[in-house]
Amino acid sequence: MKDVTVVTLVLSSLVSLALAQESIWSSSLWKRRQTEGNQKQTYNSVLDPQTTGVTEWTSWFNIDHPGGNGDYERLEAIRFYYRERVCTRPVAMEARTTDWVPAADTGEVVHSSLEKGFWCINKEQPYGRSCSNYYVRFQCPPVNAYWTDWSAWGPCSTTACNDVGIQVRHRKCMSTQGLSLLLKPACDGHHTERMECSTPPCQAKWNPWGAWSSCSVTCGKGRRVRRRSCVRSSVTVQCTGRPVEVQKCGSPCPVLCQLQCPEGRPSKDCSRCVCDGHVLEGEVLSVTGVPVAGALVSLAGQPKVIRARTNAKGLFKIPGHCANPQTRLIIRREKFTPVSIPVYSNSTGTSWVRAVLKSSEKPYIVRHPEDKVRYEGQRVNLCCKATGSPSPDKYYWYHNGTLLDRKVYKYDEDLVLRDLRPEQSGQYYCKASSLTGSIKSSPALLTVFAKGTPPCTSTPESHLIKLPMDCVQPGTYSKFYNAGSCPRNKCAGSLDFDLRCRDGASFCCGVKRMEAKEINCGGYTLPIKVVAECGCQKCVEPRVLVRGRVVAADNYEPLRFGHIFMGKERIGTTGYQGGFTIQVSPDTERLVVNFVDPTQKFIDTVKVFIFDKRGGSIYHDVKVMRKQEPIDIEARESNTILLGEMKGEDPIGQLVIPPNSFHKNSGEVYEGTVKASVTFLDPRNITTATAAPGDLNFVDDEGDMLPLRTYGMFSVDFRDEANQEVLGAGPVQVMLDTEHVKMQEHIPAMKLWSLNPDTGIWEEETDFHPSQVTTGGNGRSKREERTFLIGNMEIRERRLFNLDVPENRRCYVKVRAYMSDKFLPTEQLEGVVISLINLEPKPGYSSNPRAWGRFDSVITGPNGACLPAFCDAQRPDAYTAYVTAIMGGEELEAAPSTPKMNPNIIGVSQPYLDKIDYQRSDHEDPALKKTAFRINLPKPNPNNVEETNGPIYPYQSLIACENAPVDANHFRFFRVEKDKYEYNVVPFQESDLTTWTGDYLSWWPNPQEFRACYIKVKIHGATEIMVRSRNFGGTHPQTRGQLYGIRDIRSTRDLNYPNTSAACLEFKCGGMLFDQAEVDRSLITILPQANCRRTSINNLLQEYLIKHPPVQQNNDSHAFSMLAPVDPLGHNYGIYTVTDQNPRVAKEIAIGRCFDGTSDGFSREMKSESGVALTFSCPRRNVNRESLFQRLQTNPGQTLTQMARDMRESGGRQVRRGSSQVVAYPAAQRSRNQTRRVSSTRRRIGSRTQLGQ
């Protein structure tokens, strides 16, 4: 009885507990349904756990770690591993990291679902973080029994088509406790559900057709059939259509050959005439007379049918061939241009033909489409022309990279667009193709304005000019003034004919109207002309020049009287010192120049020059390689010539010439002694980089120009010993030692290239294949097996070859040049030639380059320059670069890297600067020049924000590099020069000649010819001082008494004489003004900016001025005035005049002569005893009163009291000044006390302003 009571009590308790938990289960179930689905949380917790009711938590699970894509704690996987430890329907979940941090507190992006579990994905985390390692547990409902999910519906009870049946599905009643089914009734509801189902309608369809049967006849008209079968789901339906198809078939029965043969009979296939007993023989030669073996011979009417092939002697024979005037042969061979020749008959039964094959050349663009601007509804003609051998026969035009439909636009070489619409604006380029390849033109920009749109914005853009040092604008205290400028964009002007390839006149947005204004400089006013309105006008087209000097790479010996070729045309000769000047035509896109030494001391050198399309001249130092001394080799023997012989180093490769390989231009085999000169340009010698011919580019199959990375170049010169006749050779074996290829991925891509001297582009000659060769090496004691890359070539017309690989690991390097080491954004230099040499570091010594691989140059623009370079994403020092900058022949200094690496000076922020490893050329040896720097070239990591802001940009980000703001990372060069200042009343940017404005007060009266004038002023004094020239109109009625401009320059110390310096000061030259109507002798005043007294005037200069009146009175001993000479006086007068098409070049030459004190020399060291015009004595001024610092030391209390009194008084006091007048330098016209008083007042006002801030 007692046991029964106990059992009853236990059952009663269990029943009560079940009833109490039933309500909790209902609320939990409702909450679970609300939170079903995928949840993504970033800052809050995952599914909140239950906090009320009697529930049960599972243990903690961790079945995944955050490696790979993230951390995945899937519910399905947990059930797989832990079976029944997780209930079927959890109502809540909790997640914590292994450090026991709740998921809500980690700040990570996580996901959770009561159906799927918990997961965190690495790539969704902010700032590149990875997911933590999480534990999870689940909360199970406090219920006794529940239904499982419904099973899938069973099959329909009927299978007949178009019938009705029943489908059934089931579910089970489950319990979370072992005795629950004993204490409580089963789950509410049915464990089975039924629904009505139906089968698809009865159908009938055909199977696919079978194959056609064979034709019923062999020729003539016959029949063939094919069949198909019907597939039915019921006998009550039928397929629609026929089960059998019949088709006519048969080929024409043979008929008699209709070919009419003037001689002989038709061939069996009726394709040609056959003359039994007649033989056609022929010979195929190259243009140098060498037999061409392996040439294919076919008839013009059947070019794909090969009739014969030439043998080793270039001979071929076609038996049975009938010769008549209508018969033509086509002869072709790889790397040669196909040729078509006629065949003539004779009475001997044998015909003879001779064909000369010219080496093939890839297409090359000689006319590029030009930028055009049009209005809506007008027409435009974009022209493209390419040459090559054979000539290109197909042209394709693209608009914004999309091929235009030839059928729609009906284009060939020229693309004519009519009835233009604004949406047709964009970039256009053409692609020319031939049998040998393709090439793309430079893109042309077409701008189409909608009707009624003004061609130019009339409102000028902001353009700040710097004011003189003594000019401070009251109120703003600004040192700059907005003179305005017009954008140099092309605009749509009035054309007489709009379908020319090059418009008859170019129109640009330029200055339409200027206004004269005065700048209040406090004590005086400064005249200026500002841009008031812009408009569409004819473009200023200054002359574009390339000039330089050609010298030997080894000892700088000049190439005297060398011949200069552009293509096949000789355009000039170098001077005695190797100098040259080339005028560039306006339509030139790529300037290729070949320097040929008539004395044969130097190898022929092809250069691709960069130039500034905006006008002026760019200076290039051209290095040429001296020819290797010839050696004697026997043509009848096998010969080996080493490539790259350096002391202590193995050769890079070798040439192997088989016996009897040399031949004369007539094709005759040469068997005598050969004078062989092979000059190797070794990349292990960095000094040879600037002598590299061409620009190391090739054109791929798509017509794009891509870079090459060289492993050495060589020039060959084989001559007859007796008469020095040039000999050809072939085949010649080229062997490259793979030990010198440090980047193993380059070995399979290595090719042999030859340079096209007309285009400057390298064209592929042959591939290489690896082979084991036994060699003794250079200085080795035993022979060994080594791997060589071996290729075969023939030496014909081209004599310059290259061992190169195409390189696709490319980047751009951002470089800017500045006027001084202050690196002010407003003082950037344009027209500077920046050169970059790619270096490959020696293994184990990343700072010690072992070889260079490429040489590139670009010109700085208003936003610097972007230089192409090789880079590597895996190793920062896989490639390094050596960078220099030259302007007008003068080397600029690079930002220093010692004594401490300063990111603010170098222009690159940390920690990227350490990765780049910037070092100026004097980093380890202060005695070296400071004109270059070396860097590593790591490819920027796009996931690292420190590397996305320059100075190295991915190759695809050229636009980002070119448009980078001035505060983005970049490398810096600066010009080392004395303090100087230039002010023009009519503003002009000497770096952009298109900014020239035609005005009577323009400093330069002619935009195509610039005349620079300098006067040499000698200073006796302990310090270097500033010297100023004021330049006014002198004799011209339009400019008399009006200011042209101001020039300031600090004198330069003469190292050979104590207390002596001199200044080369620019002044406004006398001569015609822009209207070319009348001469103006400018009124020049020379003013040293110190306590100076004039002591002497050059006698010849004074005599000239007296003989050319009017003579200016020079009563003031502290200054000197004159009317500018019209004649180009020389150093004997102390006047230096140079005329050039570039103002900067003219000024540089004049300054160099002025420093040297000669009329034809050049120096950067001041020689104060030669060629002087004026001499001033500028003794040091004695200080008669104490400075503010000294008074603060001796009597601080009284000094501070006086300063406070002065500040209070200055609040209501205004400095009295004289009436305003237009002067250039007022200090010389004021009294010393007045100047001191004004300066003192400015200091007090400045002090008050600082205190107020």
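Residues numbered from 1 in each chain as written. Predicted model: local features only at pLDDT ≥ 70, side-chain atom pairs only at ≥ 80, totals over all residues. Heavy atoms only, no water.

Named according to an unreviewed UniProt entry, the chain is Cartilage intermediate layer protein 1 originating from Chanos chanos. UniProt, in its Subcellular location (unreviewed entry) section for the chain, records the words "Secreted, Extracellular space, Extracellular matrix". (UniProt positions renumbered as here; feature names shortened; annotations may be inferred.)

Novice: Is there a simple way to explain helix α8 (residues 1099-1107) in this structure?
Specialist: Quick reminder: α-helices carry 3.6 residues per turn. Residues three or four places apart thus point the same way. Among all positions of α8, only L1101, Y1104 and L1105 are buried. All buried residues of α8 project into a common sector of 95 degrees when viewed along the axis, lining one side. In α8, the exposed positions angled more than 90 degrees off the buried face are occupied by N1099, I1106 and K1107. Close packing links the buried residues of α8 with β79 (1120-1123) and β80 (1135-1140). For α8, the side-chain oxygen to backbone nitrogen distance between the N-cap and L1100 is 2.9 Å, and the N-cap itself is N1098. (Buried < 20%, exposed > 50% of the residue type's maximum accessible area, 1.4 Å probe, protein only. Helix = DSSP H or I, 4+ residues; strand = E, 2+ residues; numbered from the N terminus. Arc of directions from axis to C-beta. Contact = heavy atoms within 4.5 Å. Polar contact = N/O pair within 3.5 Å; in protein donor to acceptor, adjacent residues only side chain to side chain.)

Novice: What is the right way to look at the packing of aromatic side chains in this model?
Specialist: Geometry of an aromatic ring pair is reported as the spacing of the ring centres plus the angle between the planes. Throughout the structure, instances matching the rule amount to 25 aromatic pairs. Ring geometry for F595 and F609: centres 6.1 Å apart, planes at 75 degrees, overall edge-to-face. Of the two residues, F595 is situated in strand β42 (residues 591-596) and F609 in strand β43 (residues 605-609); the sequence distance between them amounts to 14 residues. Overall, the relative accessible area of 1% leaves F595 in the buried class. (Phe/Tyr/Trp six-rings, centres within 6.5 Å; stacked < 30°, edge-to-face > 60°.)

Novice: What is the right way to look at the sheet that holds strand β69 (residues 980-984) in this model?
Specialist: Strand pairs in the sheet, formed through backbone hydrogen bonds, run parallel or antiparallel to each other. With antiparallel pairing, five strands are arranged side by side in an open sheet as β69-β72-β71-β77-β79. Strands with a single pairing partner mark the edges of an open sheet, and in this sheet they are β69 and β79. Taken pair by pair, the neighbouring strands of this sheet meet at an average axis angle of 15 degrees, ignoring direction. Looking at chain direction, strand β77 (residues 1083-1088) and β79 are connected through four bridges and run antiparallel. From the neighbouring strand, T1085 faces β79, where its bridge partner is S1121. (Pairing = 2+ DSSP bridges. Axes fitted to C-alpha atoms, helices over the stretch in contact; angles between N-to-C directions.)

Novice: Explain unusual backbone geometry to me, please; I cannot follow it from the model alone.
Specialist: Glycine aside, residues mostly have negative phi, and peptide bonds are mostly found in the trans state. Here the residue pair T898 and P899 is connected by a cis peptide bond, since its omega of 0 degrees sits within 30 degrees of zero. Q910 connects to P911 through a cis peptide bond whose omega is 0 degrees. Structurally, the position occupied by P911 is in the loop between α5 (903-906) and α6 (912-916). Its identity as a non-glycine residue notwithstanding, Y556 has a phi of 60 degrees, on the positive side. Checked against the element boundaries, Y556 lands in the loop between β38 (544-552) and β39 (563-566). In this structure Y556 comes out as exposed when scored by relative accessible area, which is 52%.

Novice: Where do I start with the sheet that holds strand β7 (residues 134-140) in this structure?
Specialist: Pairing is antiparallel in the open sheet, where three strands are placed in the order β2-β7-β4. With one partner strand each, in any of the chains shown, β2 (56-57) and β4 (92-97) form the two edges of the open sheet. Of the strand pairs in this sheet, β4 and β7 are connected by six bridges, and their pairing is antiparallel. Directly across from R96, in β7, lies its bridge partner Y135.

Novice: Explain the state of the cysteines here, please?
Specialist: Structurally, a disulfide amounts to a covalent bond that connects the sulfur atoms of two cysteines. If you walk through the whole model with that rule in mind, you get 19 disulfides. Shown here is the disulfide that connects C215 with C249, its sulfur atoms set 2.0 Å apart. Given an S-S torsion of about 90 degrees, the disulfide between C215 and C249 has right-handed geometry. With a gap of 34 residues between them, C215 in the loop between β12 (204-206) and β13 (222-227) and C249 in strand β15 (residues 244-249) connect regions that are remote in the sequence. With relative accessibility at 15%, the residue C249 sits in the buried group. Shown here is the disulfide that connects C866 with C961, its sulfur atoms set 2.1 Å apart. Judged by the sign of its S-S torsion, about -110 degrees, the cystine formed by C866 and C961 is left-handed. (Disulfide = S-S within 2.5 Å.)

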